[in-house]
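Observations on the three-dimensional arrangement
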Amino acid sequence: MYREWVRDDAIVFGWLWNSMEPHVARNVEFMKTSRSVWTALAELYSQERNVSRIYEIYEQLFNSQQGETSLVEFYGLLRGLWGELDLHQPLSTSLEEQKKQREEFRVALFLSKLNSDYRVFKDQLLAGETLPTAANAFSRLQRASLGTNSSPSTGSRESSALYSSTGGRGGRGGRGAKRWMLHEGGGCPQSFGGCM
C-alpha cells in the first residue's frame, strides 16, 4: 500500500514540477510530497479570497455603463464580471457565508463611492486578507482622516464630543436626569471634567 502511494505521489509530483515556471518552482523546490507542494502553491497563489480583486470587480460593476457599446457587448462585460465574482464568492448555503458576502458588498459599495482623498486609506483597508465591516471601515477611515486632516470635510462637527450632564427639572437632578449633550469645538467641556 505504501509503495503504491509513493509511486502515485511521485507521478503527481512530476506533473506539478513539470508544469511550473522556474520562478514558481523555487518556492517549493525542497518540498517532499505532492500534497505539500499543492498546499504551498495554493497558499501562495490562490485567488479565492483576493479581497482587492473582489473590490475591483464590485467597483467595475458599480461604474459600468453601456455608453457607446452595443447591448450585446455591455451584457457580455457584465456577465464576465459576474462570473469572476462567482469564482471569488461562490454561492453558499451557509448563512454566515451569505452574511459575510453581503457585508463585503456593502464595504465595496461604500469604498467605491468615496472621494479620491481617501485613496490611501482605501488601499490600506484592501491590503488585508479580509475586509472590515462597513461600520469598521467607516470608523477607521474617520480616525485616519482626523489624524491627518486629509479630508476636506473635516470640521468642527468631527471634533465634537458627546458628554453627559446630570440635572433634571430646574437643574435639581432626580430620576432620568442624565442628558447627553454634543459639545462642538476643539476643547473639552468643563462639565465633562476636561479632556482625559
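That block above? That's the structure.
In short, a report on the structure. The structure displayed is predicted, hence computed values, not measured ones.

Things to note about the overall build of the protein
Counting its secondary structure elements, the protein contains eight helices and two strands. In the protein, the succession of helices and strands from N to C terminus is α-α-α-α-α-α-α-α-β-β. Partitioning the intrachain contacts of the protein with sequence separation of at least 6 by distance along the chain shows that 48% fall at a separation of at least 24.

Some details on the packing of helix 1 (residues 2-18) against helix 3 (residues 34-45)
Where helix 1 contacts helix 3, the two axes come as close as 8 Å, and the packing angle between them is 35 degrees. Two secondary-structure elements touch here, helix 1 through Asp 9, Val 12, Phe 13 and Leu 16 and helix 3 through Ser 34, Arg 35, Val 37 and Trp 38.

Here's the deal with helix 3
For helix 3, built from 12 residues, the straight-helix expectation of 16 Å at 1.5 Å per residue is met to within 8% by its first-to-last C-alpha distance of 16 Å. Of all the positions in helix 3, only Ser 34, Val 37, Ala 40 and Leu 41 are classed as buried. All buried residues of helix 3 fall inside an arc of 130 degrees around its axis, so they share one side. For helix 3, the exposed residues set more than 90 degrees away from the buried face come down to Arg 35 and Glu 43. Elements in contact with the buried residues of helix 3: helix 1 and helix 2 (22-25).

What about a nonpolar patch on the surface?
Taken together, the side chains of Tyr 2, Trp 5 and Val 6 define a hydrophobic patch exposed on the protein surface, amounting to about 360 Å² of accessible area. The residue Tyr 2 is located in helix 1 in this model. On the basis of relative accessibility, which here comes to 63%, the residue Tyr 2 falls in the exposed class.

Structural notes on helix 5 (residues 71-88)
Taking 1.5 Å of rise per residue, the 18 residues of helix 5 would be expected to cover 26 Å, and the 26 Å separating its terminal C-alpha atoms lies within 8% of that figure. Within helix 5, the full set of buried residues consists of Phe 74, Leu 78, Leu 81, Leu 85 and His 88. Projected onto a plane normal to the axis of helix 5, the buried residues spread over an arc of 75 degrees and lie on a single side. Every exposed residue of helix 5 that faces more than 90 degrees away from the buried side is listed here: Val 72, Glu 73 and Leu 87. Packed against the buried residues of helix 5 are helix 4 (51-63).

How each quantity is defined
- Residues numbered from 1 in each chain as written.
- Predicted model: local features only at pLDDT ≥ 70, side-chain atom pairs only at ≥ 80, totals over all residues.
- Heavy atoms only, no water.
- Helix = DSSP H or I, 4+ residues; strand = E, 2+ residues; numbered from the N terminus.
- Contact = heavy atoms within 4.5 Å.
- Axes fitted to C-alpha atoms, helices over the stretch in contact; angles between N-to-C directions.
- Expected span 1.5 Å × (residues − 1).
- Buried < 20%, exposed > 50% of the residue type's maximum accessible area, 1.4 Å probe, protein only.
- Arc of directions from axis to C-beta.
- Patch = residues over 30% accessible without salt bridge, like charges linked within 9 Å, V, L, I, M, F, W, Y side chains within 5 Å.
- Areas by Shrake-Rupley, 256 points an atom, 1.4 Å probe, with all protein chains shown as cover.
- Salt bridge = Lys/Arg side-chain N within 4 Å of Asp/Glu carboxyl O.

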